[in-house]
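Residue-level listing of the chains:
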Amino acid sequence: MWDGSREKDSQLVNSVYLDSSTLELYHGRLAKSPGAVALRLRWYGTGEPTLVFVERKTHRDGWTGEESVKERFAIPPEQVPLLLRGEFDADAYEASLRASAKKTEAAVRKERQLVDEVAALVTTKRLVPTV
């Protein structure tokens, strides 16, 4: 039960799903098509976000022994429009990952691949925020 305090606000989850004008991603997930993808922007808490997580969920059929996969990377909120317009600077993003020295080289390469795949998906399928 809510006690009237705002202590729990940091647990608030905000999600905006991306899809095409024909809801191609939604219909693929609904049909549980192998390899169907959901793409969303997610941030936590109230107010303006300081980081936005770009998340890709890929459906795998359980009977194949493969599990569905959720992958994500974080960008500043001001870079979201660049990603949606196909203008996101993946080279600069990769350089910032390396400069932070918080990830292994293999992790940097894997995250760069995810960024490239998501950017291509947004562009080729003309994905936009969808209600």
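Residues numbered from 1 in each chain as written. Predicted model: local features only at pLDDT ≥ 70, side-chain atom pairs only at ≥ 80, totals over all residues. Heavy atoms only, no water.

## Remarks on the overall build of the protein chain
Line of reasoning, step 1. Within the protein chain one finds four helices and five strands.
Line of reasoning, step 2. Secondary structure elements of the protein chain occur, N-terminal to C-terminal, as β-α-β-β-β-α-α-α-β.
Line of reasoning, step 3. Classification of the 131 residues of the protein chain by burial places 32% in the buried group.
Line of reasoning, step 4. In the protein chain, once contacts between residues fewer than 6 apart in sequence are set aside, the share between residues at least 24 apart is 50%.
Line of reasoning, step 5. Of the roughly 8700 Å² that the protein chain leaves accessible, carbon and sulfur atoms contribute 55%. (Helix = DSSP H or I, 4+ residues; strand = E, 2+ residues; numbered from the N terminus. Buried < 20%, exposed > 50% of the residue type's maximum accessible area, 1.4 Å probe, protein only. Contact = heavy atoms within 4.5 Å. Areas by Shrake-Rupley, 256 points an atom, 1.4 Å probe, with all protein chains shown as cover.)

## Focus on helix α3 (residues 90-100)
Line of reasoning, step 1. Those residues of α3 not exposed but buried are Ala90, Tyr93, Glu94 and Leu97. Each buried residue of α3 sits inside an arc of 100° when the element is viewed along its axis, so together they form one side. Projecting away from the buried face of α3 at angles above 90 degrees are the exposed residues Asp91 and Ala99.
Line of reasoning, step 2. Packed against the buried residues of α3 are β4 (69-75) and α4 (105-124).
Line of reasoning, step 3. By the N-cap criterion, in which a side-chain oxygen at the helix start approaches the backbone nitrogen of a residue two or three places on, α3 is capped by aspartate 89, the distance to aspartate 91 being 3.2 Å.
Line of reasoning, step 4. Looking one or two places after α3, you find alanine 101, whose phi comes out positive at around 55°. (Arc of directions from axis to C-beta. Polar contact = N/O pair within 3.5 Å; in protein donor to acceptor, adjacent residues only side chain to side chain.)

## Structural notes on a nonpolar patch on the surface
Line of reasoning, step 1. There is a patch of nonpolar side chains on the surface, built from Leu23, Tyr26 and Leu30 and spanning about 290 Å² of accessible area.
Line of reasoning, step 2. By the secondary structure assignment, leucine 23 is in the loop between β1 (13-19) and α1 (24-30).
Line of reasoning, step 3. Of the residues examined, leucine 23 reaches a relative accessible area of 30% and is grouped as partly exposed. (Patch = residues over 30% accessible without salt bridge, like charges linked within 9 Å, V, L, I, M, F, W, Y side chains within 5 Å. Salt bridge = Lys/Arg side-chain N within 4 Å of Asp/Glu carboxyl O.)

## Let's talk about the sheet that holds strand β5 (residues 128-130)
Within a sheet, each strand pairs with its neighbour through backbone hydrogen bonds, oriented either parallel or antiparallel.
Line of reasoning, step 1. Strand order in the open sheet made by the five strands is β4-β3-β2-β1-β5, with antiparallel pairing throughout. Edge positions in the open sheet fall to β4 and β5, since each of these has one partner strand only. When strand polarity is set aside, the average angle formed by the axes of neighbouring strands in this sheet is 35°.
Line of reasoning, step 2. Here strand β2 (residues 37-44) runs beside strand β3 (residues 52-58); their pairing, made up of six bridges, is antiparallel. Its bridge partner lying in β3, arginine 40 is registered against glutamate 55.
Line of reasoning, step 3. In the packing of α4 onto the sheet, contacts are made with β1, β2, β3 and β4, and the angle to β4 comes to roughly 90°. (Pairing = 2+ DSSP bridges. Axes fitted to C-alpha atoms, helices over the stretch in contact; angles between N-to-C directions.)

## Examining the side chain of aspartate 19
Line of reasoning, step 1. Structurally, aspartate 19 can be placed in strand β1.
Line of reasoning, step 2. Buried charge aspartate 19 goes without a salt bridge, the closest partner of opposite sign being lysine 125 at 8.4 Å.
Line of reasoning, step 3. Polar side-chain contacts of aspartate 19 include one of 3.1 Å to the backbone nitrogen of glutamate 24.
Line of reasoning, step 4. At a separation of 2.9 Å, a polar atom in the side chain of aspartate 19 contacts the main-chain amide nitrogen of leucine 25. (Lys, Arg positive; Asp, Glu negative; His and termini not counted.)

## A few points about α4
Line of reasoning, step 1. Counted at 1.5 Å a residue, the expected span for α4 with its 20 residues is 28 Å, and the 28 Å between its end C-alpha atoms agrees.
Line of reasoning, step 2. Every buried residue belonging to α4 is among Val108, Glu111, Arg112, Leu114, Val115, Val118, Leu121 and Val122, and all of these are buried.
Line of reasoning, step 3. Contacts from the buried residues of α4 go to β1, β2, β3, β4, α2 (80-84) and α3.
Line of reasoning, step 4. Just beyond α4, the residue with positive phi is arginine 126, at close to 55°. (Expected span 1.5 Å × (residues − 1).)

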